[in-house]
Amino acid sequence: MIALCDLTAHEALDLLRSGEITSVALTASALDRILAVDNDVCAYLTLTPEQALAEASAADALRRAGQDLPLLGIPVAFKDNLSTRGIPTSCGSRMLDGYVPPYDATVVRRVKEAGAVVLGKTNMDAFAMGSSTENSAFFPTHNPWDLARVPGGSSGGSAAAVAAGEALLALGSDTGGSVRQPAALCGVVGVRPTYGLCSRYGLIAFASSLDQVGPVARDVTDAALLLGVIAGHDPADSTSRLDSGSDYTAYLARKDLAGLRVGVLQSHPEDGIQAEVADATRRALKTLRDLGAELVDVSLPHGVYALSTYYLIAPAEASANLARFDGVRYGFRAAADTVEALFSRARGAGFGPEVKRRIMLGTYALSAGYYEAFYIQAQKVRTLIRADFDAAFEAVDVIVGPTSPTTAFMLGERVADPLEMYRADALTLSQALAGIPAISVPCGFDAAGLPVGLQITAPEMQELRMLQVAFAFEQATDWHRRRPSLIESS
Ligand code: GLN
């Protein structure tokens, strides 16, 4: 029997609207699931059960009074780098352990104003640096499809929670792939929006020219619903776009994909694409062709430089952003006699090894004598990558390929090899550098029963087109309906 927490948000909203279920029952079901599986999955860093039940009963009261809102009564989770008023926000790091923000991030406020019930904060790689959630200072999250494997990262907690029925929806953040890659590895839907579509106000900064908040959901309709809630201009974020999105859910359905030109990238051997991922992608492309799309080969000649470009720009920005964590104003504090010692002890003990590696890489890339050769050069290549996409989108409407080169890897497998870990995002970095939207949707399973994700990339602000293609693919397949077996035994 399917539990209420296994419904998609749009299915749950139908039942809430018809009065067949209450938000209290729905929220209690998600909390029961958390109790049953989170000792194993470890998706959450902080839970707010009493508050959630109180919000659920307030949502039910509003509904009885005849009110409706886009997410009224739907239990959601937030990645722990999104500021939540009164709820601890650690960013997965000791540096912010115990920090309780005095305000909500704009996206959090919008989700709350849309009537959602907050279940808690999800685990992540510290400061969103990582691809497996193993860089969390607290504990790793486990993949619900196989507890010995990683859920991906850095939004691994959000993806695992949604996959395991521990939340109906979640927000993550994507700097170079951190929503799409864990969504792919956990068999759920993840969206990276156009840079500037969703406010970054209250998102703890990693690399400000790349960071975007994005939805994690169990199907495309739910992702579109949540994206519609969080998108839109915010005067508190100077990089927020003035043009906002549209009502994505209202226009999702297209009868077929006739006339749609789908760009297919030739993969490079150095991408290291697992054979089963390549097979699932080929079958997905055939499905799109059967739906009427025309497949066109495209190339992004500078795509091979995406990894090196990203690992100069992102650490450079991170080294500047993280300078504010001095152990004085918030979070971790170290005992010391001098201010100098206070700073260095707090930063030495508060930051984990990956964060320190990024700060050193970034400081190096920005230092006198190296700035031109590394940082400026990377910015130039970033422009070329963006130009590659502009050229490709003259000939095609969307570009389709795998989200992640491999399915979920084993916990511990890549921790000793940072470059191997960085390669997990080889296929998601270019879109981030170009500032354009991309979605990951489930498109198959490997022989071990692990999910494979298909990535659909669209031009700037073409979220609706991207979601329509994803929706048409989803309607023609049933990969998104499979659930991890852990759920049945819970
Ligand atoms: N894995 C990439 C990194 O470690 C991307 C992370 C992200 O998107 N936040 O930087």
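Everything here concerns the structure above.
Keep in mind the model is a prediction, meaning the values are calculated, not measured.

Q: Kindly report on unusual backbone geometry, identifying the contributing residues and their values.
A: Note: most residues except glycine have negative phi, and most peptide bonds are trans. A cis amide bond, omega 5°, links Gly-153 with the succeeding residue Ser-154. Mapped onto the elements of the fold, Ser-154 is located in the loop between β3 (117-122) and α5 (156-163). Even without being a glycine, Cys-42 presents a positive backbone phi close to 60°. Mapped onto the elements, Cys-42 comes out in the loop between α2 (23-41) and β1 (44-47). Notably, Thr-133 is not glycine yet its phi reads approximately 70°, a positive angle. Structurally, Thr-133 is set in the loop between β3 and α5.

Q: Tell me about the nonpolar core, residues and numbers included.
A: Counting 100 residues, the largest nonpolar core has Leu-71, Ile-74, Val-111, Leu-288 and Ile-456 as the members making the most contacts within it. Dropping the residues within four chain positions of it, Ile-74 is found in contact with Ala-9, Ala-12, Leu-13, Leu-16, Leu-26, Gly-115, Ala-116, Val-117, Leu-168 and Leu-169. Membership of the second largest hydrophobic core comes to 40 residues, among which are Tyr-310, Phe-389, Ala-392 and Ala-432.

Q: Just give me the short version of the layout of surface pockets, but keep the residues and values in it.
A: In this model, the largest pocket occupies a volume close to 830 Å³. Lining the largest pocket are 34 residues, with Gln-266, Ser-267, His-268, Asp-271 and Leu-427 positioned closest to its centre. Of all elements in the fold, only β7 (261-265), α8 (275-290), α9 (306-321), β9 (398-402), α14 (429-434) and β11 (451-457) reach the threshold of two or more residues within the lining of the largest pocket. Considering only enclosed or pocket space, the second largest pocket measures out at about 440 Å³ in volume. The wall of the second largest pocket is formed by 24 residues, among which Ile-2, Ala-3, Asp-6, Arg-481 and Arg-483 lie closest to the centre.

Q: Give a description of the sheet that holds β3 that names residues and reports values.
A: Taken together, eleven strands build an open sheet; the order of strands is β1-β3-β2-β4-β6-β5-β10-β11-β9-β7-β8 and the sheet is mixed. In this open sheet, the two strands that pair with only one neighbour each are β1 and β8 (294-298). Within this sheet the neighbouring strands show an average axis-to-axis angle of 30°, counted without direction. As paired elements, β1 and β3 share three bridges and run antiparallel to each other. Looking across to β3, one finds that Thr-46 is bridged to Lys-121. Running over the sheet, helix α15 (residues 463-475) touches β5 (189-192), β9, β10 (438-445) and β11 and is turned about 15° from β10.

Q: Let's hear about the pairing of β3: which residues, and what values?
A: Counting buried residues along β3, six of its six residues qualify, which places the element largely inside the surrounding structure. As paired strands, strand β2 (residues 75-79) and β3 are joined by five bridges and run parallel to one another. The partner of Lys-79 across the bridge, within β3, is Thr-122. In terms of handedness, the path from β2 via helix α4 (residues 106-113) over to β3 forms a crossover that is right-handed.

Q: So what about the packing of aromatic side chains? Which residues, and what values?
A: Geometrically, a pair of aromatic rings is defined through the distance of the ring centres and the angle of the planes. Under the definition given, this model contains 13 aromatic pairs. Through a chain of ring-to-ring contacts, three or more aromatic side chains come together here, namely Phe-127, Phe-325 and Phe-351. One Lys or Arg, Arg-414, reaches over the ring of Phe-409 and ends 3.9 Å from the middle of that ring.

Q: Explain the packing of α4 against helix α7 (residues 220-230) to me, using residue names and the numbers behind them.
A: Taken N-terminus to C-terminus, the directions of α4 and α7 make an angle of 115°; their axes are 8 Å apart at the nearest point. Classified by the interaxial angle, the pair formed by α4 and α7 is roughly perpendicular. In the crossing of α4 with α7, the sense of the turn from one axis to the other is right-handed. Taking contact as the criterion, the partners of Val-107, Arg-110 and Val-111 in α4 are, on α7, Leu-226, Val-229 and Ile-230.

Q: Lay out the site of the ligand with the relevant residues and their values.
A: Close to the ligand lie 15 residues, the nearest being Gly-176, Ser-178, Tyr-310, Arg-358 and Asp-425. At 2.7 Å from an oxygen atom of the ligand is found a side-chain nitrogen or oxygen belonging to Arg-358. Within the side chain of Asp-425, a nitrogen or oxygen atom sits 2.4 Å from a nitrogen atom of the ligand. Coverage of the ligand by the protein amounts to 100% of the 290 Å² it exposes when considered alone. The pocket occupied by the ligand, as judged from atoms lying within 2 Å of grid points, is the largest cavity. Tallied by class, the residues present in the shell around the ligand amount to five nonpolar, seven polar and three charged.

Q: Explain the pattern of salt bridges to me, and be specific about the residues and the numbers.
A: Counting across every chain of the model gives 22 salt bridges. Linking Arg-17 and Asp-68 is a salt bridge whose minimum nitrogen-to-oxygen distance equals 2.6 Å. With Arg-17 in helix α1 (residues 9-17) and Asp-68 in the loop between α3 (49-64) and β2, this pair connects stretches of sequence that are 51 residues apart. Judged by its relative accessible area of 43%, Arg-17 is partly exposed. Residues Arg-386 and Asp-390 are paired through a salt bridge, measuring 3.9 Å at the closest nitrogen-oxygen approach.

Reading guide: rules and limits
- Residues numbered from 1 in each chain as written.
- Predicted model: local features only at pLDDT ≥ 70, side-chain atom pairs only at ≥ 80, totals over all residues.
- Heavy atoms only, no water.
- Helix = DSSP H or I, 4+ residues; strand = E, 2+ residues; numbered from the N terminus.
- Core = buried A, V, L, I, M, F, W, Y, C linked by side-chain atoms within 4.5 Å.
- Buried < 20%, exposed > 50% of the residue type's maximum accessible area, 1.4 Å probe, protein only.
- Contact = heavy atoms within 4.5 Å.
- 1 Å grid on protein atoms, 1.4 Å probe; cavity = no way out; pocket = protein on both sides within 12 Å on 5 of 7 lines; lining within 4 Å.
- Points joined across faces, edges and corners; volume = space filled by probe spheres on them.
- Pairing = 2+ DSSP bridges.
- Axes fitted to C-alpha atoms, helices over the stretch in contact; angles between N-to-C directions.
- Right-handed = clockwise from strand over helix to strand, strands pointing away.
- Phe/Tyr/Trp six-rings, centres within 6.5 Å; stacked < 30°, edge-to-face > 60°.
- Lys NZ or Arg CZ within 6 Å of the ring centre and 35° of its normal.
- Parallel < 35°, antiparallel > 145°, perpendicular 65-115°, else oblique.
- Left-handed = near helix turned anticlockwise from the far one by under 90°.
- Near = heavy atom within 4 Å.
- Polar contact = N/O pair within 3.5 Å; in protein donor to acceptor, adjacent residues only side chain to side chain.
- Areas by Shrake-Rupley, 256 points an atom, 1.4 Å probe, with all protein chains shown as cover.
- Sits in = over half its atoms within 2 Å of the grid points.
- Nonpolar A, V, L, I, M, F, W, Y, C, P; charged D, E, K, R; others polar.
- Salt bridge = Lys/Arg side-chain N within 4 Å of Asp/Glu carboxyl O.

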